[in-house]
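The primary structure of each chain is shown beneath.
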Amino acid sequence: MQETFKQMTKERGFWSDERTATHQDLAGLFIARAVERYLKAEGHFGFVVPNSVVDRDYWEGFRSGRFDTGTRVTFTPSWDLRRLRPHLFPRGSAVVFGRRTAIAEPMPADLEVWAGRAPVPHALAGAPLDTITRTPGHAVSGTGSTPGSKYADRFSNGANLFPRLLFRVEPDSATTLGAPAGRRSVRSQRTVSEKAPWKNLAPLTGAVEAQFIWPTVLGEHVLPFRVMPPAEFVVPLRGDGTLLATPTEFDRWPGLAAWMRQATELWNGNQTGKLTLAKQIDHMKKLTQQAPMPSTRVVYAASGMHVAAAVLTDSRTVIEHGAYWASVSSPDEAAYLVGILNSPSLTELVRPYMSYGKDERHVDKNVWKLPIASYDHDNLDHIRVVELSNALSSEIAALQFTSSNFVVRRRIVRAHIAQSLRGKELDSLVADVVHE
């Protein structure tokens, strides 16, 4: 089924690339097939679609209006329903319109934005629409004249250390005997966010060599200007970047070998894909490319309604899939980037590029579609960003939190930045720097 979908979308020019394959769904192909098979010449159509259809890069082929050989459509302005509350569907939605024509006309960027509260929960029918506003808008696709930033190629996504049951650990307080020298007794750390089938399985336990218990930064550990204490993961990775992928490679370390055999058995018995466990955690080299780990890195959370970034100075810390990272040439460049990324102005600028479910929430590498200049140590504005960023980092490092919830903590930090004179100056400065 997946191969058939890929073939049919490639034939129509809808397929983007392998990196965005998980974002592409049946909506475009369904519309194309319906038009090809059932719509007469000059016939009109309208379909409710995921909102990503109107502005994400990977839908560009569909928006071109060219379907199979000989089938062309002229798109007319769409409706953007993402600002309606409550949401009509489980994710942000839009309505696309067009008609079958001899010549293709791409989907226009101009659209109509619907906002307000639905008169009936999750429905627009059956009541007056006087609580809804309909205003002209413009879709920002991230392609075209936007120059983007050179930092895009320097930032990488963290490793796929999933399922967490097999890797995330905590001290095993139930162990009555001490661990052998150089090892630590650990067990899987359970969380309420686990999904089936993993949440139904018993935790792993073992005495693992300490060198394979890695501090690991997740997206939730990253606050603006501050990294909270990382989690601990059992990862078969040596400090030089060598991944121990087979029993022949990890049998030299009995504790790690015992753990990985348990993990591999559970993986093979419960996963639905074709990847081995080793290929899963090092997919696209996201794990091994992190080593040897630089002394100074910039990390930012992959998801969130607001960008959150911080400087990481621990050279023995793995970055997990929920965050992006890059090495930097100096502490000043790190402070510059973190200052830029954490400013409220930056979040507002990047929102049109962010992918979303019900709201903008996936930062990913969309932030680098903005013209963020490379750090210049002779640029006075850049120097001032560094000074303000360092000062705010010191202020936020001293904040005390009563909640362990990372969403609450980020909100507290953002409030501090918004109320701070330094934060206000930084925000004003960044708004100018990014527009330079």
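Keep in mind the model is a prediction, meaning the values are calculated, not measured.

S.K.: Any chance you could break down helix H10 (residues 380-397) for me, citing the residues and the numbers?
M.R.: The first and last C-alpha atoms of H10 sit 26 Å apart over 18 residues, in line with the 26 Å expected at 1.5 Å per residue. Regarding H10, the residues found buried are His382, Val385, Val386, Leu388, Ser389, Ala391, Leu392 and Ile396. Of the residues that open H10, the one with a side-chain oxygen 2.9 Å from the backbone nitrogen of Asp381 is Asn379.

S.K.: I'd like a rundown of the sheet that holds strand E16 (residues 318-319), residues and numbers included.
M.R.: As summarised here, the arrangement of the six strands in space is E9-E8-E7-E13-E10-E16, forming an open sheet in which the pairing is mixed. Every interior strand has two partners, whereas the edge strands, strand E9 (205-209) and E16, have only one. Packed onto the sheet, helix H6 (residues 254-270) meets strand E7 (168-171), strand E8 (183-188), E9 and strand E13 (231-234) and runs at close to 140 degrees relative to E9.

S.K.: So what's going on with helix H8 (residues 331-342)? Which residues, and what values?
M.R.: The end-to-end C-alpha distance of H8 is 16 Å, a good match for the 16 Å that 12 residues give at a rise of 1.5 Å each. Burial analysis of H8 places 10 of its 12 residues in the buried class, the great majority of the element.

S.K.: Talk me through the packing of aromatic side chains; I want residue IDs and the actual numbers.
M.R.: For the structure on display, the rule yields 19 aromatic pairs. Seen from their ring centres, Phe45 and Phe75 are 6.1 Å apart, and the 85 degrees between their planes marks the pair as edge-to-face. Residue Phe45 is found in strand E1 (residues 44-50), and its partner Phe75 is found in strand E2 (residues 72-85); the two are separated by 30 residues along the sequence. Assessed through its relative accessible area of 4%, Phe75 is described here as buried. Where Phe212 meets Trp253, the ring centres are 5.2 Å apart and the plane angle is 75 degrees; that geometry is what we call edge-to-face. Linking Phe212 in the loop between E9 and strand E10 (213-217) with Trp253 in the loop between helix H5 (247-250) and H6, this pair joins segments that are 41 residues apart in sequence. Each member of the pair Phe212 and Trp253 is classed as buried. Members of the aromatic cluster, connected to one another through ring pairs, are Phe14, Phe30, Phe45, Phe47, Trp59, Phe62, Phe67 and Phe75. Geometry around Trp79 places Arg134 over its ring, the cationic atom sitting 5.2 Å from the centre. Its guanidinium or amino end placed over the ring of Trp214, Arg316 lies 4.2 Å from that ring's centre, counting from NZ or CZ.

S.K.: Describe in detail unusual backbone geometry, supporting the description with residues and values.
M.R.: In most cases, non-glycine residues show a negative phi, while peptide bonds are predominantly trans. The linkage connecting Phe162 with the following residue, Pro163, adopts the cis geometry, with an omega of 0 degrees. Examined against the element boundaries, Pro163 turns out to sit in the loop between strand E6 (156-157) and E7. Following Ala196, the chain continues into Pro197 via a peptide bond in cis, with omega recorded as 0 degrees. On the secondary structure map, Pro197 appears in the loop between E8 and E9.

S.K.: An account of the pattern of salt bridges is needed here, citing residue identities and associated values.
M.R.: With the rule as written, the count across this model stands at 19 salt bridges. Note that Glu42 is salt-bridged to Arg99, the shortest N-O span being 3.0 Å. Remark: Arg99 occurs in strand E3 (residues 93-101) and Glu42 occurs in the loop between helix H2 (27-38) and E1; sequence separation between them is 57 residues. Assessed through its relative accessible area of 47%, Glu42 is described here as partly exposed. The residue Lys369 makes a salt bridge to Asp57 at a minimum N-O spacing of 3.1 Å.

S.K.: Residue-level account of the pairing of E10, with values.
M.R.: The buried fraction of E10 is high, at five of five residues. Residues Ile213, Pro215 and Val217 of E10 are buried on one face, and the alternating residues Trp214 and Thr216, pointing to the opposite face, are buried as well. Here four bridges tie E10 to E13, and the two strands are oriented antiparallel to one another. For Pro215, the partnering residue across the bridge sits in E13 and is Glu232. Direction of pairing for E10 relative to E16: parallel, over a ladder of two bridges. The partner of Val217 across the bridge, within E16, is Ile319.

Thresholds, definitions, all that
- Position numbers for residues start from 1 in each chain and track the written sequence from start to end.
- Residues qualify for local features only when their pLDDT is at least 70, as the model is predicted, and side-chain atom pairs are given and counted only at 80 or more; totals for whole chains, interfaces and linings, by contrast, use all residues.
- In computing side-chain properties, one takes all heavy atoms of the structure into account and sets aside hydrogens as well as water.
- Going along the chain from the N terminus, every DSSP run of H or I of four or more residues is numbered as a helix, and every run of E of two or more is numbered as a strand.
- Expected helix span is given by 1.5 Å per residue-to-residue step, counting one fewer step than there are residues.
- Exposure classes here rest on a 1.4 Å probe applied to the protein chains alone. A residue is buried below 20% of its type maximum, exposed above 50%, and partly exposed in between.
- Any pair of N or O atoms that falls within 3.5 Å is considered a polar contact. Within protein, one atom must be able to donate a hydrogen and the other to accept it, and sequence-neighbouring residues count only if both atoms are side-chain atoms.
- DSSP calls a pair of strands paired once it identifies at least 2 bridges connecting them.
- Throughout, a residue-residue contact means that at least one pair of heavy atoms, one from each residue, lies within 4.5 Å.
- Comment: axis = line fitted to C-alpha atoms, over the contacting stretch for helices; angle = value between 0 and 180 degrees taken between N-to-C directions.
- Pairing of aromatic side chains requires ring centres within 6.5 Å, counting the rings of Phe and Tyr and the six-membered ring of Trp. Pairs whose planes differ by under 30 degrees are stacked, by over 60 edge-to-face, and all others tilted.
- In this scheme, Lys NZ or Arg CZ marks a charge over a ring once it lies within 6 Å of the ring centre and within 35 degrees of the ring normal.
- Every case where a carboxyl oxygen of Asp or Glu lies within 4 Å of a side-chain nitrogen of Lys or Arg is listed as a salt bridge.

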